[in-house]
Every structure is written in C-alpha cells, then in structure tokens.
Amino acid sequence: MRIAVFSTKSYDQEYFENYNKNYDFDFFYFENSLNRHSANLARGFDAVCVFVNDIVDEATIKILAQQEVKLIALRCAGFNNVDLKTAKKYGVRIVRVPAYSPEAVAEHALALILTLNRKTHKAYNRVREGNFSLKNLMGFNIHKKTVGVIGTGQIGQAFCRVVSGFDCEIVAYDIQQNDQLKDLGVRYLSLEALFKESDIISLHCPLNQYTRHIINADSISLMKSGVMIINTSRGALINTADVIEGLKLRKVGYLGIDVYEQEENVFFEDLSESIIEDDMLLKLLSFPNVLITSHQAFFTKEAMDEITTTTLSNISAFQNNEVLINEVS
Ligand code: NAD
C-alpha cells in the first residue's frame, strides 16, 4: 500500500520507518502540508497521512477522491481540520489516533502554568547574565486556588489528576460529566460559574461549532481580574483579538498557549531569519505575561510511539478490510 505522508518532520519519518519494519508499507514523505493546492501530489497513492495543520476541506477531499485516495489517516486526535461530510460523500474513510498520551498534553499545560506563574524562563536568562535580583519574579501559590477545566475527556482528566497534587479546588465544565473525577473531588459547574470562580482556566475541549471562541470578550468579562488562561487544545477556542484586549485591560493576568488561531503557516517552522507578518502573534509576543509554545504539548517519546503504532495499525486494518476501530464518521 502506497501512503503519502504530509507535513513530515524528521522525527515523523524516523518513527514511521522504525515501526514500518513490522508492516512494510510504501511511505513517501512530503514536507508540504496537505491542502487544495498540494492535493495533486497524492496521485498514485492509496492513502494520505496528515497532521493537525493540514487543511482537509471539501476542495482537498474532492481532489483526493479523483486521485482514488481511499483513506485519510490522521496522526493526531483532533479532526476539526477535516470536512467529514465531504469525505463520507466521496467514500473516503478517516481514521485518527484518539488518545496517544493524554498525560503528555496535561503535563505541558502544567509546565505553562508553572512557568508563567514562577517565571522560571525569565529567572534562567537573568541568572545566566549575572542578574540575581528577584524584582518582578513574584508568583502565587496554586495551593487553595481554583483551577477551572473546560473539557474533561482524556486530557482534561489527566490534567485534573496532575493539578490535584497542588491541593487546589478543581472545578470543571463538560457536556458529559465524569463520575471518577467527581470522586477525585472535582466539582462540575455551569460554564458561566466556572468563568466567575476560576483563578486558572485550562481548555481541554475539542474545537467545534459550539466551542469556537469559547473564550471571548463576554466570557472574559465574567472572569476574575488577573485570571490565567491556558490553551493546549486548539487555537480557535480563543478569540485572539478579545484576549489581547483582555490583556491590555489587565483583566487577563497571564496567557499560556500551545496553539494559536492562525498557527498554520508559523508553528513547527524555523522562522528565526524571516519577517513574521502576523500582527496579532507579534502583539501577543510583546506581552511579558504571555507564554507561547509551538504546538509541542503532544511531543514526548511515549506519545510519538503511540501515534506511530496506532497510525500504522489503522492503515493495516484498512488494508486488510478489518473493522476500523479508530474511524471518525
Ligand atoms: P476527548 O474527546 O477525550 O475529550 C474531549 C472532551 O471535551 C469530552 O469530554 C467532551 O465531552 C468535551 N466536550 C465536547 N464538547 C464540549 C463543549 N461544547 N464544552 C465542553 N466540553 C466539551 O479529547 P482529548 O483527547 O481529551 O483531547 C482534547 C483536545 O485536545 C483535542 O480535541 C485536541 O484539539 C487537543 N489536543 C491538543 C494537543 C497538543 O499537542 N496541543 C494534543 C492532543 C490533543
């Protein structure tokens, strides 16, 4: 089976080649992302394999279907970048990696919280320059604070378990409540009450029509002054212009994001010698209380092992006409 792998980085190829010893698929690696302009590259392939920022919209799927591509294998959990209706219409099957390491993402969310709060990134640079002053490095205790978790699926649950070690109050909002978390002491609230009560808000819900811009001017107006907002889920959960306004008004005290609304042409790339033209991103980078990482929350050895083995097993199940347990429909 011939598979075109899009948005390939060296580590993807290394992991795929290593695990392919058990399968012997014919992989071809493209550095380009998949979109309507690059979809013709899939000519002659049976399947494509894509990641979070490939744009698998109606136009792209139509071209893939014309090339007789029968399978789109996502090597990620979220599928907001895929037009499922069009895929169904053209008989293109979609598989994903539903959970590869919820702990990897949860632990990164915690890293963002601790770094923003205790400013270890600034302290590291200061001390290296011989500056041992503590000025502006004061943080706050997480102990006894209220942490609000939006979305308590696999990652949200792992995040609740991780932060429970701080002996803080954990409140949550989800359209489906989880009894195990209630046993852990997590208190489910309405979204509005969560916004009002939380000192730290961490987003772990998927991006869909109901959650797009769940953080906006209205929700920010309900929050405590100085609130910390953490997003390791999908960029468009936050209305970037509104959060910039919240930062300027000092209402949002800290922002930690691993994902960004317009991340497609920026994240995962080395642009250190380029002019970045995204004014909103530049504005965010100018705030001392904003921390941005480049969609790396998933990036642990354990997660890469799981992503690769599940993706290859999904493709194998398709090839062998087996039930696709990780199909998205
Ligand atoms: P999951 O499906 O296990 O959990 C999602 C949870 O969100 C579910 O409990 C669901 O009921 C809830 N939810 C759905 N709609 C909601 C709404 N309107 N309001 C509140 N909650 C809602 O997914 P997961 O594995 O926990 O992943 C969550 C998200 O994390 C993914 O969709 C993906 O976007 C993101 N993610 C990011 C990275 C990264 O590297 N930054 C890696 C993996 C996943």
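Since the model is a prediction, treat every value here as computed from it, not as a measurement.

(A) Region of the structure containing the overall build of the chain. Each helix and strand in the chain was counted, giving twelve helices and twelve strands. A compact globule built from 329 residues would reach a C-alpha radius of gyration of about 20 Å, and the chain, at 21 Å, matches this within 12%. Reported as C-alpha extents along the three principal axes, the dimensions of the chain are approximately 60 × 50 × 35 Å. Every one of the 329 residues in the chain was classed for burial, and the buried ones make up 51%. In the chain, the share of contacts with a sequence separation of at least 24, taken over all contacts with a separation of at least 6, comes to 66%. Each charge class in the chain can be summarised by its mean position, and for the 33 positive and 41 negative side chains these summaries are 6 Å apart.

(B) Spatial organisation of the packing of aromatic side chains. Evaluation of the coordinates by the stated rule reveals 14 aromatic pairs. The interplanar angle of 70° and the centroid separation of 5.1 Å between the aromatic rings of Phe16 and Phe27 together place this pair among those described as edge-to-face. Here Phe16 is found in helix H1 (residues 10-19), whereas its partner Phe27 is found in strand E2 (residues 26-29), with eleven residues between them in sequence. By relative accessible area, Phe16 is classed as buried at 2%. Phe27 sits in the buried class, given a relative accessible area of 9%. Among the aromatic residues, those joined into a cluster by ring pairs are Tyr11, Phe51, Phe268, Phe298 and Phe299.

(C) A look at the side chain of Gln67. Here Gln67 lies in the loop between helix H2 (58-66) and strand E4 (71-74). If we skip the residues at most four places from it in the chain, Gln67 touches Ala39, Asn40, Ala42, Arg43, Gly44 and Phe45.

(D) Region of interest: the layout of surface pockets. Roughly 1,100 Å³ of volume is contained in the largest pocket. Only helix H4 (102-118) and helix H6 (154-164) provide two or more residues apiece to the lining of the largest pocket. Per-element tally for the lining of the largest pocket: the top contributor is H6, with four residues. Taken together, the residues that form the lining of the largest pocket break down as 25 nonpolar, 18 polar and four charged.

(E) Main features of the sheet that holds strand E6 (residues 146-150). Ordered in space as E8-E7-E6-E9-E10-E11-E12, the seven strands form an open sheet in which the pairing is parallel. Each edge of the sheet is formed by a strand with only one pairing partner; in this case those strands are strand E8 (187-188) and strand E12 (290-292). Looking at chain direction, strand E10 (residues 227-231) and strand E11 (residues 252-257) are connected through five bridges and run parallel. Directly across from Ile229, in E11, lies its bridge partner Leu255. Most of the contacts of helix H10 (residues 240-248) go to E11, to which it runs at about 140°, and overall it touches E10, E11 and E12.

(F) Structural context of the environment of Tyr188. Among the secondary structure elements, Tyr188 is positioned in strand E8. What makes Tyr188 buried here is its relative accessible area of 12%. Through-space distance from the C-alpha of Tyr188 to that of Asp270 is 41 Å; in sequence the pair is 82 residues apart. Once residues lying within four places of it in the same chain are set aside, the contact partners of Tyr188 are Thr152, Ala172, Tyr173, Asp174, Gln176, Gln177, Asn178, Leu181 and Lys182. At 2.7 Å, the side chain of Tyr188 forms a polar contact with the side chain of Thr152. A polar contact of 2.9 Å, which involves the side chain of Tyr188, links it to the backbone nitrogen of Asn178.

(G) Fine view of empty space enclosed by the protein. One pass over the structure, following the stated rule, counts one cavity of 30 Å³ or more. Its boundaries defined by the atoms lining it, the largest cavity holds a volume of some 60 Å³. In this structure, the largest cavity is lined by Asn231, Gly235, Ile238, Thr240, Val243, Leu255, Ile257, Val259, Tyr260, Glu261 and Leu284. Class assignment for the residues of the lining of the largest cavity results in seven nonpolar, three polar and one charged.

Criteria and cut-off values
- All residue numbers refer to position in the chain's written sequence, counted from 1.
- Residue-level local features of this predicted model are given only where pLDDT is at least 70; pairs of side-chain atoms are given and counted only at 80 or more, and the full residue set underlies all totals for whole chains, interfaces and linings.
- Heavy atoms throughout the structure, all of them, feed into the side-chain values; hydrogens and water do not.
- By definition, any uninterrupted DSSP run of H or I lasting at least four residues is a helix, any uninterrupted run of E lasting at least two residues is a strand, and each is numbered from the N terminus.
- The globule rule used for comparison is 2.2 Å times the number of residues to the exponent 0.38, while the radius of gyration itself is calculated over C-alpha atoms.
- For every residue, the accessible area (1.4 Å probe, protein chains only) is compared with the maximum for its type, and the residue is labelled buried under 20%, exposed over 50%, or partly exposed between those bounds.
- Contacts are assigned to residue pairs with any non-hydrogen atoms lying within 4.5 Å of each other.
- Residues scored as positive are Lys and Arg, those scored as negative are Asp and Glu, and His as well as the terminal groups of each chain are ignored.
- Charge positions come from single atoms, namely NZ of Lys, CZ of Arg, CG of Asp or CD of Glu.
- Aromatic rings from Phe, Tyr and Trp, taking only the six-membered ring of Trp, are treated as a pair when their centres fall within 6.5 Å; an angle between ring planes under 30 degrees marks them as stacked, one over 60 as edge-to-face, and anything in between as tilted.
- Space inside and on the surface of the protein is sampled on a 1 Å grid over the protein atoms alone, with a cavity defined as a set of points where a 1.4 Å probe fits but cannot get out and a pocket as an open set with protein on both sides within 12 Å along at least 5 of 7 lines; lining residues have an atom within 4 Å of a point.
- Grid points are joined across faces, edges and corners, and a volume is the space filled by probe spheres set on the points.
- Under the convention adopted here, Pro, Cys and the residues Ala, Val, Leu, Ile, Met, Phe, Trp and Tyr are nonpolar, Asp, Glu, Lys and Arg are charged, and Gly plus all remaining residues are polar.
- Whether two strands pair comes down to DSSP finding at least two bridges between them.
- Fitted lines through C-alpha atoms serve as axes, helices being fitted only where they are in contact, and the angles separating the N-to-C directions of these axes extend from 0 to 180 degrees.
- What qualifies as a polar contact is a pair of N or O atoms within 3.5 Å, subject to a donor-acceptor requirement within protein and to the restriction that residues adjacent in sequence count only when both atoms come from side chains.

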